[in-house]
Amino acid sequence: MAVVTQAQVLDALKKVIDPDLQRDIVDLGFVKDLHIENGQVSFKVELTTPACPAKEQLRRQALDAVMEVENVQGVDIEMTSKVRASPRRAAENFIPLVKNVIAIASGKGGVGKSTTAVNLALALAQTGARTGILDADIYGPSLPKMLNVENKPQAEEGKRIPPAEAFGLKVMSMGFFMDEDTPVVWRGPMVGMAVEQLLRDVDWGELDYLVVDLPPGTGDAQLTLTQKVPITGVVIVSTPQDVALADVKRGINMFRKVDAPILGIIENMSYFLCPSCGHRAEIFSHGGARKQAAAYGLEFLGDIPLDGAIRADADAGIPIMIAHPDSPQTQKYREIAARIAAIIATMGFERPTFPEIVVE
Ligand SMILES: Nc1ncnc2c1ncn2[C@@H]1O[C@H](COP(=O)(O)OP(=O)(O)O)[C@@H](O)[C@H]1O
Ligand SMILES: [Mg+2]
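About the cut-offs
Residues numbered from 1 in each chain as written. Chains lettered and ligands numbered in written order. Predicted model: local features only at pLDDT ≥ 70, side-chain atom pairs only at ≥ 80, totals over all residues. Heavy atoms only, no water. Helix = DSSP H or I, 4+ residues; strand = E, 2+ residues; numbered from the N terminus. Buried < 20%, exposed > 50% of the residue type's maximum accessible area, 1.4 Å probe, protein only. Lys, Arg positive; Asp, Glu negative; His and termini not counted. Salt bridge = Lys/Arg side-chain N within 4 Å of Asp/Glu carboxyl O. Contact = heavy atoms within 4.5 Å. Domains from an automatic or database assignment. Buried area = accessible area lost by both parts, 1.4 Å probe. Nonpolar A, V, L, I, M, F, W, Y, C, P; charged D, E, K, R; others polar.

Position of Asp137 relative to the elements: it lies in the loop between β7 (131-135) and α4 (143-146). Buried and unpaired, Asp137 has no salt bridge, with Lys113 as the nearest side chain of opposite charge at 4.1 Å. Setting aside residues up to four positions removed in sequence, Asp137 forms contacts with Lys113, Asp213, Leu214, Pro215 and Pro216.

Printed below as a string of structure tokens:
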């Protein structure tokens, strides 16, 4: 029987182009563990994020390409992923085992930043990525309640604090260490110190993504974060009404000044989806954020409806990603999370990489 060679298979796989990176999967080093026996071909395709939106398309294309090779009897492809660490550097790095830090920012409070951060983190975790969420909103920590964390982490003398766990996420918040009724009057320097502690003194372990829910505006928490960890990217959450306000512009300018890449803008509470008839009502001149994002030179990452279930589930301590995983709203969060993961994966390829080809 005629043999199939590795060269033939790799040649065929060079026709499969990653849509985000615009390079073929062999050149990118995604093809691993190639075995050929009696016309049966098996290999792994190792993507740079389990949240890759093109995963199924790439599998299909790889399958079709190899099936066309002469004498190939069958193809077995395993789609895997390995998130690469951000190539970015900061003055210091308090969390070297965390591969990517995604900061969620907003111009002002009440725009749904925390709700969006939680649901995006859950969407990433649900793809299989090791994900944590840090509540850096020292003034108004909301994650303990939104994630209904009952077993608060315990600090032990001389040891790093293990984060809490909720719905597959590692969670840390200053709220764990504050009494519910304690009025928080943090002065600027103390905010920075608190954020430092939540990074350095917490045993985050190895994570693919750490989502950081920042306080609104441009203050000490933002500054500390940009100095103590390499931020892979910043995501700005805005409502249709506030996207053009000075607060948002100031925020963008601040991140640009410290060289933290802004991944794009999410428009939250964008339109109203009627729960009984499914009618979509554009109550606040929806679409403004898309235009505004373009004016700022930023990508528009997507819109999330103003939706009673998103609020009710958040208030009940079971985010909509968990409470109603099959709803159209959660699909929105999944799409945006996949887009964010795809942008991050592309960032790691700004410098040339050398293909890794399996030699047998
Ligand atoms: N898309 C949405 N639809 C409906 N309510 C929302 C949505 N996003 C957030 N909310 C609600 O708006 C309020 C403020 O959200 P929150 O995430 O705490 O804002 P921030 O962190 O920006 O202050 C909360 O009651 C939350 O449940
Ligand atoms: Mg908040």
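A few words now on the domain arrangement of the protein chain. Assigned domains within the protein chain: domain 1 (6-81) and domain 2 (101-347). Each of domain 1 and domain 2 has a C-alpha centre, and the two are 35 Å apart. The partner domain 2 presents eleven residues to the seven residues of domain 1 that form the contact. Across the domain 1/domain 2 interface, buried area totals approximately 700 Å², and carbon plus sulfur atoms make up 66% of it. Looking at the side of domain 1 facing domain 2, the largest losses of area belong to Asp20, Pro50 and Ala51, adding up to 55% of the total buried there. There are one salt bridge connecting domain 1 and domain 2. With a shortest N-O distance of 3.6 Å, Asp20 and Arg339 are connected by a salt bridge. By residue class, the composition of the side of domain 1 that touches domain 2 is four nonpolar, two polar and one charged.

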